[in-house]
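Each chain, written out:
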Amino acid sequence: MKRDRNDLVETIILGILGSLVVLTLTAPQLLQDRSPPPLLSLSILLRDTDSSGWTVARQGMEQAADELGAELRFLTLTAQNDSEEQTAVLFREIDGGADALVVVPAGPDELTLALSQRPDHCPVVTLESTVEGAAGIVAPADEEVGRRLAQALLEDWTGGPVLLLDPLPQTGIGARAEGARAALEERGVPVRRAAALPQDGPEERWVMAFEPLATQQAAERKEAEELGFALYGVGSGTAITAQLERGNISALAAWSDYAAGYLAVRQAVEAAMRADRQDPGPLAFSIVRGEDIYAPENQKLLFPIMSSSGR
């Protein structure tokens, strides 16, 4: 009886050892099968020489990348708004194996030509400017931005021409300037367009800027040189918000850069995965004056990080 019991124990032990051997052999394969899929590689092509003006948008991009399983590579140009260099960088990233790209176009025409020549497996999403052949676009309704910003100026206007700062007429920035021009001329207001503020300051007492960097630079010059023009611009970055608060900007067209960055990466990931996508439509924007900075509806536009940390 005792021997039968010992035989049973030995049989059980051998069975357990055999199971452990099988598990040892199969576990690596099971773990390999359950390992997460490789991260998608996304290249972010800016039209600037540095990414400082895209800090909040970058935070939105990084949040989307963390959620959707992508790694981001941010690229700038050696010369501001150099469309030829941007096209060369785009092809380099495609050849280097990028799964998708997010591009802020320096020249939509050049980018359209480049997209017609790119491999179909590498989709491109654009920020700020509509480009034929792109997989998606993230931007506000640009002409409407210009029109509504012009309406804010008209509420203050007491006479005289308006200077429209339009450094990139073929982009979404140019569409904003065109919307403002149309709205102003409908009211009989004379306008002049220029790429930048004159070296000795503008002759006009009214100035409109349609790109965040141009808005910030005009406000800083106005403050530093004590220039007497009223400035109407776009943007929602920290430096621009500070200028609005100090009265150097009369009104801003502002939208969420964080949302823009997030949506751009989400669209790029979905396009790379050939997933079903929904067009998010134009970004919502608001016209904000200095006295409206701390209104609850403007908190997420002008202070996105503080707003999110307070939830």
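Structure first, text after, so check above.
Here's a quick rundown of the structure. (Residues numbered from 1 in each chain as written. Predicted model: local features only at pLDDT ≥ 70, side-chain atom pairs only at ≥ 80, totals over all residues. Heavy atoms only, no water.)

**Concerning the sheet that holds strand β6 (residues 162-165)**
Note on sheets: strands pair through backbone hydrogen bonds, and any given pair is parallel or antiparallel.
Piece 1. Read across the sheet, 6 strands follow the order β7-β6-β8-β9-β10-β11 without closing on themselves; strand pairing throughout is mixed. Edge positions in the open sheet fall to β7 (191-194) and β11 (286-289), since each of these has one partner strand only. Between one strand and the next, the sheet's axes are offset by a mean angle of 20°, whatever the strand orientation.
Piece 2. Where strand β10 (residues 251-254) lies against β11, 4 bridges are found, and the strand directions are antiparallel. (Pairing = 2+ DSSP bridges. Helix = DSSP H or I, 4+ residues; strand = E, 2+ residues; numbered from the N terminus. Axes fitted to C-alpha atoms, helices over the stretch in contact; angles between N-to-C directions.)

**Details of the packing of aromatic side chains**
Piece 1. By the definition in use, this model includes 0 aromatic pairs.
Piece 2. When the ring centre of F74 is taken as origin, the NZ or CZ atom of R58, which lies over that ring, is 3.9 Å away.
Piece 3. A cation over a ring is seen here: K222 above F229, with NZ or CZ 5.8 Å from the ring centre. (Phe/Tyr/Trp six-rings, centres within 6.5 Å; stacked < 30°, edge-to-face > 60°. Lys NZ or Arg CZ within 6 Å of the ring centre and 35° of its normal.)

**Examining the pattern of salt bridges**
Piece 1. The tally for this structure, following the rule as stated, stands at 18 salt bridges.
Piece 2. Where R181 meets E185, a salt bridge forms, and the shortest distance between an N and an O atom there is 2.5 Å. Remark: E185 and R181 occur in helix α6 (residues 172-186); sequence separation between them is 4 residues, near one turn of the helix.
Piece 3. R246 is the salt-bridge partner of E223, the closest N and O atoms lying 2.8 Å from each other. On the criterion of sequence distance, the pair formed by E223 in helix α7 (residues 212-225) and R246 in the loop between α8 (238-245) and β10 is long-range, its members being 23 residues apart.
Piece 4. You can call E223 partly exposed: its relative accessible area is 35%. (Salt bridge = Lys/Arg side-chain N within 4 Å of Asp/Glu carboxyl O. Buried < 20%, exposed > 50% of the residue type's maximum accessible area, 1.4 Å probe, protein only.)

**Re helix α5 (residues 142-156)**
Piece 1. With 15 residues, α5 extends 22 Å between its outermost C-alpha atoms, agreeing within 8% with the 21 Å of an ideal straight helix rising 1.5 Å per residue.
Piece 2. Within the sequence span of α5, burial applies to D142, V145, G146, L149, A150, A152, L153 and L154.
Piece 3. In this structure, the buried side of α5 is in contact with β6, α6, β8 (206-209), β9 (230-234), β10 and β11. (Expected span 1.5 Å × (residues − 1). Contact = heavy atoms within 4.5 Å.)

**Thoughts on the layout of surface pockets**
Piece 1. In this model, the largest pocket occupies a volume close to 610 Å³.
Piece 2. Taken together, 32 residues form the lining of the largest pocket, with G53, W54, P212, L213 and D257 sitting closest to its centre.
Piece 3. Breaking the lining of the largest pocket down by element, the ones donating at least two residues are α2 (55-68), α7, α8 and α9 (257-272).
Piece 4. Looking at the second largest pocket, its volume works out to about 210 Å³.
Piece 5. In terms of lining residues, the second largest pocket is bounded by 16 residues, among which A195, A196, L213, A214 and Q217 are the most central.
Piece 6. Among the elements that make up the lining of the second largest pocket, the one with the highest residue count is α7 (5 residues).
Piece 7. Across the lining of the second largest pocket, the residue classes tally to 10 nonpolar, 3 polar and 3 charged. (1 Å grid on protein atoms, 1.4 Å probe; cavity = no way out; pocket = protein on both sides within 12 Å on 5 of 7 lines; lining within 4 Å. Points joined across faces, edges and corners; volume = space filled by probe spheres on them. Nonpolar A, V, L, I, M, F, W, Y, C, P; charged D, E, K, R; others polar.)

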